[in-house]
Each structure stands twice: as structure tokens, then as C-alpha cells.
Amino acid sequence: MLHNSLYSVSTALVIVLPIIALLVGCVLGVVVFTLLQKKKLGDAKQSANKITEEAYAEAKSVRAQAKNAQKEAILEAKEEIQKLRSEFDQELKERRNEAQRAEQRLSQREDAIDKKEDALDKKTEAVEKLKASVAEKESKLAAKQAEIDSAHERMLDEIEKVSQLTREEAKAQLFKEIEEDAKRDAAKLVREIEAEAKDEAEKKARTIVATAVQRCAVDHSAEITVSVVNLPNDEMKGRIIGREGRNIRALENATGIDLIIDDTPEAVVLSGFDPVRREVARITLEKLIADGRIHPARIEEVVEKTRKELDAQIKEAGENATFEAGVFGLHGDLVRLLGRLKYRTSYGQNVLKHSMEVSYLAGLMAAELGADVKLAKRAGLLHDIGKAVDHEVEGTHITIGADLAKKYKESKEVIHCIAAHHNDIEPQSIEAVLVQCADAISGARPGARRESLDNYVKRLEKLEEIANGFNGVEKSFAMQAGREVRIIVKPEQVNDQATVFLAKDIAKKIESEMEYPGQIKVNVIRELRSVEYAK
């Protein structure tokens, strides 16, 4: 029993003592925390008092500075107001002076206007008087004009009775006579002007052209449009053809040129539009004949080798041409195109030599006339550049040449000279005219060009056909290898004055419908024969 009560008391103590200890700890903690907070609060009050004292001192300092600044600002404002007031007074004074001057000018103008109004009133009165006088004179003039018209009508009626012609018939006859007189005078004036111009221009032109031609020494060309390869014997034709024609087919396919093997002894004709390809085929065939080995593989090998050699020769020919002509700075492709002209002919004339000749002549004439020598030589050298590719590109060689020059950044002046050298467009510069003249001189000189018999005959027939197509032409004859057409007219249909206009019309039609080297002289002849017999 006692043991149980002791056990319960000890158990209660075990439970109560920790609780008491915990309560004591909490009380101690609260006391310590309270003491710490009081201490912090005292420190904070001291810091706040200190900050308040410092702020109060700083505020007093700032207030003193603000008062000083306010005083300074007030003084500055007073000074600025005083300055503005003085400026305003000065400006006001000036404006018053200006207003007074303007008022004086205005009063002067008013005086002048008053005087002008007085003068105008006087003039108006004079005009009114003059109008009245003119009206009176006009009425008298109208009466006289009516009398004159009546007399004129009576006179015309009398003239119609005497002449037996109506007014319209008389007017038509008068116009016809005036027209014939005008044509006669115009033809006479044209002949006089042409004669005077020829007398003055021919001397200068002959001097310039003669000087240029004398200083330009060139060889006469002898190229033809097809190539002929001579063979050592007729047996070589069979070797060129090959078994079942394989050699000739390989050669034609590799070069793009037709080989004509006919009955001509010991010769093969090469035919093709492209002169460079024709030259490749000619050189290749000559090498194969000299080597003796003729088979398709060998043909392709020699063609490729020849093409490379010819490309180098073309470039060298172009460079030599530019060097000899004294034209530098050309694009590399233009130089190669110039070299291709070495194998191109026109009417049997080598185009590269022709271009060089035109360049020389144009430059020499430009020097004589004081024109741009470099431009004339450059345009002359490039004027036929389109012929290098005219078999590959559509269009005339003029259009192609102008496009090539534009493509390779040539100047507008050079492009214009190329485009105008056959009068496709009107030449706008003296250099363009000189290139035209040099081209005509180079193509028209003896031995420069030749053409086939068929083309020659057709050109002569075309000349006579054009001339015979005009009214009043009795006969026409193409003479001097087509450089002159002589026309005989019917004298009863064409008078002396009309022959001048007929020659010009025929020349214009020839220029528009035909292509020819040089120039053609149109010579119109009128002859009236009167025959009588004495019996």
C-alpha cells in the first residue's frame, strides 16, 4: 500500500517537474527579451534625436541658401526686365519711324496716282473723239469699198466675156503657170546651189581624201568565199571519202563544213557559211593529206588540235590589228571577234583588212578636219564587227555590231558610228560621217571588191528596172560596171527643170532598194530634136 502511494507520488513528480522547469524557462526568456527590447528602444530614440538635430541644422542651412538664391533671382529678373523694356522701347521707336516713312511714301504714291488719273481722263476724252472720227471714216470707206466691189464685179464679168473663161478656169490656169514658174525657179536655184556647193566642197574633199588615201598604203585583197584544197593525185579522193564514206562524214561532222568531191581533177572544194570553220576544215585536210593517216579517230584529233591553233591565230590577228590601227583598251572578246574577221570576206574583200583601212582613213580625215582622231579610228576599226558572227546571230551586221559594242561597254559615240555607217540611222556627229566616207572609199577603190557574175548581172538589171519604172523615161543603161546609170527621157513629157527632180527621185529609190559598194551616179539626159525638110 505504501509502496503504491510512493510509486504514484514519484510518477507525479516526474510529470510535474519538467512542466515547472519549462514554465520557469519561459518566464526567464520573456524577462530577457523585454530587457533587450528596452535597450534597443533606448538606442533607437538616441539615433532619432541625433538625426532630428542634424536635419534641423541642414534645413536651416538650406533655407538660408534658398533666401540668397531668391534674392539673386529677383535681381536678375529685374535686370532682364529692364533690358527687355529698353529693347522694346528701341524697337517701338524704329517701327514708328518706319510707319512714318511708309506713310510719306503712300502719300507720294497717292499724289502720283491722282496725276495719272487726270492724264488718263484727258487721254480717254481724246480716244473717244478719235473713235468718233474713225467710225465716220469707216462708214465712208465702206461706201467706197462697196463701189469698188461693184466695179470689180463688172470688170470680172467683162473679162469673162472677153476671155471666154470662168473665174475657176482662169484661177486654175494662173495657179498652173505660177507652179511651173516656181518649179523652174526652184530647179534653177537647186542647180546653182549644187554647183556652188560642189565647187567649194569638191576642192576641200579632194584634198582631204587624196591626203588620206596617199598616206594609207594597203594591199588589194584576193580572198574568195569558198576554199579549195589541192590533192597530190586523184587516188587521195577515195582515201578522203573512206570505206562507205566514214572518213568524209567524220570530217563534215567534226568541222560543220560540206566537202564537195566532184570531177574537178586533184581538188576538193570546202563549202560553208562560217569562214572560221571552213579554215579549220582546210588546214585539217591539208594536215591529213600530208600525214597520210586518214581515219575517224585521227580526223577528230587533228580537228581539235587545228581548232586550238586557229583560236590562238585569231587572237594574235586581232591584237596585231588593234596595235597597227593604234586602238587600245578593247575588251578581250572584241579583240577575238576582230581576229575572226581575218577569215571573213565581203564582195571578195577581206573584212579585217577593210576594217583596218577604214580606221586609217577615218583617223587621217579626222586629223585634217580637227575632229576626234581616237574616236574615228576606234569606230572605223569596229564598224563591221557584226560580220564576225552574222552567220550565227539573226539581224544585220549593223545591228549585231552595235549590240556587241554596247555589250562590251564601248562609248555611246562609238556605238552611234557603228549604227550609222550605212545610214540605218541619221549620223549625228562628224566622226560618224567620216566613218561612212572611209567605208565608202575603202569599198569603192579599184580592185578592192569583186562579186560573182550572176550578182553583177542582177545588179545591173535592177538598176535599169528602177530607172525604167519612172514616168517619162524612154531608155536606161547601166554603165561603168554598175557605177553609173544613164537615163534618156522623153522630151515632150519631161522638161529641163523636171530632170533635176527625176534624178533625185531615182537616186533615192536606188538607195532604199539596193545594196552596192561605193556610189552610183544617176545621169538623166533630155534631148529634143526638130527635123524639117526643105523642098
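Note that the structure is a prediction, hence the values are computed from the model and not measured. (Residues numbered from 1 in each chain as written. Predicted model: local features only at pLDDT ≥ 70, side-chain atom pairs only at ≥ 80, totals over all residues. Heavy atoms only, no water.)

Caption draft 1: Region of the structure containing the overall build of the protein. Secondary structure summary: the protein contains 14 helices and 8 strands in total. Out of the 535 residues belonging to the protein, those deemed buried represent 29%. Considering only contacts within the protein whose residues lie at least 6 apart along the sequence, 62% involve residues at least 24 apart. Roughly 37,000 Å² of accessible area belongs to the protein as shown, and the carbon and sulfur atoms make up 55% of that amount. (Helix = DSSP H or I, 4+ residues; strand = E, 2+ residues; numbered from the N terminus. Buried < 20%, exposed > 50% of the residue type's maximum accessible area, 1.4 Å probe, protein only. Contact = heavy atoms within 4.5 Å. Areas by Shrake-Rupley, 256 points an atom, 1.4 Å probe, with all protein chains shown as cover.)

Caption draft 2: A look at the nonpolar core. Counting residues in each nonpolar core, the largest one holds 28 residues, and the members touching the most others are L330 and I385. Those elements giving two or more residues to this core turn out to be helix 6 (296-325), helix 7 (332-340), helix 8 (351-369), helix 9 (373-382), helix 10 (397-407) and helix 11 (412-420). Formed by 25 residues, the second largest nonpolar core is a distinct cluster that contains L231, I248, L251 and V280. (Core = buried A, V, L, I, M, F, W, Y, C linked by side-chain atoms within 4.5 Å.)

Caption draft 3: Molecular detail of the side chain of R298. Looking at the secondary structure, you find R298 in helix 6. Residue classification places R298 among the buried residues on the basis of a relative accessible area of 16%. When residues no more than four places from it in sequence are discounted, the contact partners of R298 are L288, D291 and R293.

Caption draft 4: Fine view of the pattern of salt bridges. Per the counting criterion, the structure on display carries 17 salt bridges. Across the pair R282 and E286 runs a salt bridge whose closest N-O atoms are separated by 2.9 Å. Residue R282 and its partner E286 are both found in helix 5 (residues 275-291); the two are separated by 4 residues, about one turn of the helix. Look at E286 and you get partly exposed, because its relative accessible area is 37%. Ionic pairing is found between E484 and R486, a salt bridge with its closest N-O pair at 3.1 Å. Of the residues examined, E484 reaches a relative accessible area of 3% and is grouped as buried. Judged by its relative accessible area of 28%, R486 falls in the partly exposed class. Through salt bridges with shared partners, a single ionic network connects D291, R293, R298 and E301. (Salt bridge = Lys/Arg side-chain N within 4 Å of Asp/Glu carboxyl O.)

Caption draft 5: Summary view of a nonpolar patch on the surface. On the surface, a nonpolar cluster with roughly 740 Å² of combined accessible area is contributed by I15, V16, L17, I19, I20, L23, V24 and L28. Position of V24 relative to the elements: it lies in helix 1 (residues 2-163). (Patch = residues over 30% accessible without salt bridge, like charges linked within 9 Å, V, L, I, M, F, W, Y side chains within 5 Å.)

Caption draft 6: Layout of the environment of C437. Tracing the backbone shows C437 in helix 12 (residues 430-444). For C437, a relative accessible area of 33% puts it in the partly exposed group.

Caption draft 7: Just the sheet that holds strand 7 (residues 484-489), in detail. The strand order across the open sheet formed by 3 strands is 6-7-8, and the pairing between neighbours is mixed. Two strands close off the open sheet at either side, each with one partner strand: strand 6 (473-479) and strand 8 (521-526). Recorded for the sheet is a direction-independent mean angle of 20° between the axes of neighbouring strands. On top of the sheet, helix 14 (residues 496-513) reaches strand 6, strand 7 and strand 8; it is set at about 150° to strand 8, its chief contact. (Pairing = 2+ DSSP bridges. Axes fitted to C-alpha atoms, helices over the stretch in contact; angles between N-to-C directions.)

Caption draft 8: Layout of helix 9. Buried residues dominate helix 9, accounting for 7 of its 10 residues. Of the positions making up helix 9, those classed as buried are L375, A376, R378, A379, G380, L381 and L382. Its side-chain oxygen placed 3.3 Å from the backbone nitrogen of K374, D372 serves as the N-cap of helix 9. (Polar contact = N/O pair within 3.5 Å; in protein donor to acceptor, adjacent residues only side chain to side chain.)

Caption draft 9: Representation of the sheet that holds strand 2 (residues 258-260) in the model. In space, the 3 strands of this open sheet follow the order 1-3-2, with antiparallel pairing throughout. Two strands lie at the open edges of the sheet, namely strand 1 (227-230) and strand 2, each paired on one side alone. Neighbouring strand axes in the sheet, compared pairwise and without regard to direction, differ in orientation by 30° on average. Examined bridge by bridge, strand 2 and strand 3 (residues 267-271) share 3 bridges and lie antiparallel to one another.

Caption draft 10: Just the environment of H354, in detail. If you trace the backbone, H354 turns up in helix 8. What makes H354 buried here is its relative accessible area of 3%. When the C-alpha positions of H354 and L341 are compared, they lie 9.5 Å apart, and in sequence the two are 13 residues distant.

Caption draft 11: Structural detail: the confidence of the model for the protein. Averaged over all residues, the pLDDT of the protein equals 80, while 87% of them reach at least 70. Mean pLDDT values over the elements of the protein span from 67, in helix 2 (residues 167-215), up to 92, in helix 11. Between residues 217-224, whose pLDDT stays under 50, and residues either more than four places distant or in other chains, the model counts 22 contacts. (pLDDT = per-residue confidence, 0-100.)

Caption draft 12: Fine view of unusual backbone geometry. With a phi angle near 55°, E244 is a residue other than glycine that sits in the positive phi range. The exposure class assigned to E244 is exposed, which follows from its relative accessible area of 70%. Not every positive phi belongs to a glycine, and K409 is a case in point at roughly 65°. Mapped onto the elements of the fold, K409 is located in the loop between helix 10 and helix 11. With a relative accessible area of 74%, K409 lands in the exposed category.

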